[in-house]
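Fold and contact review
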Amino acid sequence: MHEFTLEERVAAIASVLADRTRARMLFLMMDGRAYTATELSAASDVVPSTTSAHLNRLVAENLITCIKQGRHRYFKIHSAEVAELLENMMRFAHGDQPDIAKISTPKSLRLFRTCYDHMAGEIAVKIHNSLLLNQWMTDNYELTSMGKDFLISLGVCCDADTSLRRKFACSCLDWSERQFHLGGFLGASLLDTFLRKKWAVRQLDSRELVLTESGCVVIRKIVR
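Remember, predicted model here, so these are calculated numbers, not experimental data.

Calculation rules
Residues numbered from 1 in each chain as written. Predicted model: local features only at pLDDT ≥ 70, side-chain atom pairs only at ≥ 80, totals over all residues. Heavy atoms only, no water. Salt bridge = Lys/Arg side-chain N within 4 Å of Asp/Glu carboxyl O. Helix = DSSP H or I, 4+ residues; strand = E, 2+ residues; numbered from the N terminus. Phe/Tyr/Trp six-rings, centres within 6.5 Å; stacked < 30°, edge-to-face > 60°. Buried < 20%, exposed > 50% of the residue type's maximum accessible area, 1.4 Å probe, protein only. Pairing = 2+ DSSP bridges. Domains from an automatic or database assignment. Contact = heavy atoms within 4.5 Å. Buried area = accessible area lost by both parts, 1.4 Å probe. Polar contact = N/O pair within 3.5 Å; in protein donor to acceptor, adjacent residues only side chain to side chain. Expected span 1.5 Å × (residues − 1).

Attention now goes to the pattern of salt bridges. Across all of its chains, the model carries 5 salt bridges by this definition. For Lys126, the salt bridge identified is with Glu122, shortest N-O distance 3.3 Å. Taken as a pair, Lys126 and Glu122 lie in helix α8 (residues 122–133) at a separation of 4 residues, close to a single helical turn.

Further remarks concern the packing of aromatic side chains. Here the structure, examined in full by the defined rule, presents 3 aromatic pairs. Both rings, one in Trp136 and one in Phe150, keep their centres 4.2 Å apart while their planes meet at 15°; by these two values the pair is stacked. With a gap of 14 residues between them, Trp136 in the loop between α8 and α9 (145–154) and Phe150 in helix α9 connect regions that are remote in the sequence. The buried category is assigned to Phe150, whose relative accessible area is 13%.

On to the pairing of strand β6 (residues 170–173), then. Consecutive residues of a regular strand have side chains that alternate between opposite faces of the sheet. Across 4 bridges, β6 lies against strand β7 (residues 180–183) in antiparallel orientation. Across the sheet, the residue bridging to Cys170 is Gly183, located in β7. As consecutive antiparallel partners, β6 and β7 are separated by 6 residues, and within that stretch Arg178 has a phi angle of approximately 60°, a positive value.

A separate point is the sheet that holds strand β2 (residues 64–69). Spatially, β1-β3-β2 is the arrangement adopted by the 3 strands of the open sheet, whose pairing is antiparallel. Edge positions in the sheet fall to β1 (35–36) and β2, since each of these pairs with one other strand and no more. One ladder, built from 6 bridges, connects β2 with strand β3 (residues 72–77); its direction is antiparallel. Bridging from a neighbouring strand, Ile67 pairs with Tyr74 of β3.

On to unusual backbone geometry, then. Even without glycine at this site, Asp45 takes up a positive phi of about 60°. Counting through the fold element by element, Asp45 comes out in the loop between α3 (37–44) and α4 (48–60). With relative accessibility at 67%, the residue Asp45 sits in the exposed group. With phi around 60°, Tyr116 is a residue other than glycine that occupies positive phi space. With respect to the element layout, Tyr116 can be found in the loop between β4 (113–115) and β5 (118–120).

Attention now goes to the domain arrangement of the protein chain. Domains assigned within the protein chain are domain 1 (6–78) and domain 2 (98–222). With 8 residues of domain 1 at the contact, the number on the domain 2 side is 8 residues. Between domain 1 and domain 2, a total of about 710 Å² is buried, with carbon and sulfur atoms accounting for 54% of that surface. For the domain 1 face of the interface with domain 2, the top three residues by lost area are Met30, Asp31 and Arg33, together amounting to 64%. In this structure, the connection of domain 1 to domain 2 is made through 0 salt bridges. Our count for the contact surface shared by domain 1 and domain 2 stands at 1 residue pair in polar contact (both at pLDDT 80 or more).

Taking 1.5 Å as the rise per residue, helix α10 (residues 184–196) with 13 residues should run 18 Å; its terminal C-alpha atoms sit 18 Å apart, in good agreement. Judged by how many residues are buried, α10 sits mostly within the fold: 10 of 13 residues are covered. Considered for burial, the residues of α10 that qualify are Gly184, Phe185, Leu186, Gly187, Ala188, Ser189, Leu190, Leu191, Thr193 and Phe194. Looking one or two residues beyond α10, the residue adopting positive phi is Lys198, at roughly 60°.

Dropping the structure here:
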């Protein structure tokens, strides 16, 4: 059986990502949710048969995964590593000038959005910076006892044992702000808390997050 070289694997993945329709589907799934083929077909403006072909290629290269539930099939980003790759490509595509990203990206998305399973945008960058400035988190992305107590008081899960093999916390370069926001298990736990407590609400068919009134109160507690 032929064993693919690293060069062949990179070329194969690049070939899959080179198609505009497949890129659009992947960017839609970057909100961390699972979508049906019908939903992806409508969002990408292609016929169902073409959608199936695109999804099969994405699944074959382990860029997305298919989840079967009864008679339905749902598709989502395969892993956090794939999401990070896509986020880096989006940042690279905007070039080295921050203004390019800010001009071409809708203001609402620049303000607050999802980056796979964690928060991104201006608000997320401020949260990241505040965790460091208030000494709630060290430069090595470890929570201090004071930071752990504060986040637990908000209802955020900070149990490193539940993060399995994933990094507990790490920086993720925000492609619109060109600064870091929080990734890893802790970043995902923060997003989960914001959604669960309705401090933030997802927008339909978009990565945009909207802060609720109670969410604004929480942000003022964090960003200070």
